[in-house]
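Coordinate inspection notes
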Amino acid sequence: GLEVVAYARRTLSETTRFFDAVESLRQGGYGSLSIGAVMSAVADLLPDALAALRERRPRMTVRILTGTSDELLAALERRSIEVAIGRPTEPRHHAIFSYEPLFEEAVSAFCAPDHPLAGRSKITAADLAGETWVLQAPTSPLRQVLEASLAHLGCAPRTAAIETASIFATVNLVRRARMLSIL
């Protein structure tokens, strides 16, 4: 008899906590959301979206994971994050995830102001292919765009000197080490 009473009390207590948590969420209370995003989305899309979310859920905790699309979709598939803002990287992703186009992303190559290619009025694909690059991993869509574009023009980039998904590392390497990159 005592076991049944203890079990009933635990169940009643857990049920009460559950309903209190649901009511708190309904009124803008606590909760959490894990978002994975490519860097361009972090800079362009997330600030306004998160500001709007904070108005509706002022006490919600939001965790942002940045990375390349392939890394983010792997995290989404593992359920380490709940939402990913990135590009599909494999055909099977169309079958297992729902997609909603959010924006068109412009991709540009860049170099430091003192780089030999800076300020030139015309740069050929061969000029770019002969340079040392800071690139994302070979599985990232951004890297694949660069390699496909240069291959279409009849040349291929030299193997990346450095591979990183960090925008901070990329910008500083381009600026200080006379490398090129794309964003």
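Attention in this report is confined to the structure presented alongside it. (Residues numbered from 1 in each chain as written. Predicted model: local features only at pLDDT ≥ 70, side-chain atom pairs only at ≥ 80, totals over all residues. Heavy atoms only, no water.)

Further remarks concern the overall build of the protein chain. Each helix and strand counted, the protein chain has eight helices and seven strands in total. With the C-alpha coordinates aligned to their principal axes, the bounding extent of the protein chain is approximately 85 × 35 × 30 Å. Across the 183 residues in the protein chain, those meeting the buried criterion constitute 29%. Taking all contacts inside the protein chain whose residues are at least 6 apart in sequence as the whole, residues at least 24 apart take part in 65%. With an accessible surface of roughly 11900 Å², the protein chain has 57% of that area assigned to carbon and sulfur atoms. Charged side chains in the protein chain number 20 positive and 20 negative. The centres of these two groups are separated by 4 Å. (Helix = DSSP H or I, 4+ residues; strand = E, 2+ residues; numbered from the N terminus. Buried < 20%, exposed > 50% of the residue type's maximum accessible area, 1.4 Å probe, protein only. Contact = heavy atoms within 4.5 Å. Areas by Shrake-Rupley, 256 points an atom, 1.4 Å probe, with all protein chains shown as cover. Lys, Arg positive; Asp, Glu negative; His and termini not counted. Charge placed at Lys NZ, Arg CZ, Asp CG, Glu CD.)

Next up on the list: the environment of Leu 173. By the secondary structure assignment, Leu 173 is in helix 8 (residues 167–177). Classification of Leu 173 by relative accessible area gives partly exposed; the value is 23%. With 167 residues separating them in the primary sequence, Leu 173 and Ala 6 have C-alpha atoms 63 Å apart. If we ignore the near neighbours within four places in the chain, the residues touching Leu 173 are Val 134, Ile 162, Arg 178 and Met 179.

Counting across every chain of the model gives five salt bridges. Among the salt bridges present, the one from Arg 143 reaches Glu 163, with a minimum N-O distance of 3.1 Å. With Arg 143 in helix 7 (residues 141–152) and Glu 163 in strand 6 (residues 162–163), this residue pair connects regions lying 20 residues apart in the sequence. Residue Glu 163 is classed as partly exposed on the basis of its relative accessible area of 45%. Overlapping salt bridges, with partners in common, bring together Glu 77, Glu 90 and Arg 92 in one network. (Salt bridge = Lys/Arg side-chain N within 4 Å of Asp/Glu carboxyl O.)

On the surface, a nonpolar cluster with roughly 310 Å² of combined accessible area is contributed by Phe 18, Phe 19 and Val 22. Within the secondary structure, Val 22 is located in helix 1 (residues 2–26). (Patch = residues over 30% accessible without salt bridge, like charges linked within 9 Å, V, L, I, M, F, W, Y side chains within 5 Å.)

Attention shifts here to the nonpolar core. Within the largest apolar cluster, 12 residues are counted, these being Leu 117, Ala 125, Leu 128, Ala 129, Trp 133, Leu 135, Leu 142, Leu 146, Leu 150, Cys 155, Leu 180 and Ile 182. Setting aside chain neighbours within four positions, we find Leu 128 in contact with Leu 117, Ile 123, Trp 133, Leu 150 and Leu 180. The next biggest cluster of nonpolar side chains, apart from the first, holds 10 residues, and it includes Ile 35, Ala 37, Val 38 and Leu 46. (Core = buried A, V, L, I, M, F, W, Y, C linked by side-chain atoms within 4.5 Å.)

With that out of the way, let us pick up the environment of His 152. Tracing the sequence through the fold places His 152 in helix 7. Accessibility expressed as a relative area gives 69% for His 152, which makes it exposed. For the pair formed by His 152 and Ala 125, sequence separation is 27 residues and the distance between their alpha carbons is 9.7 Å.

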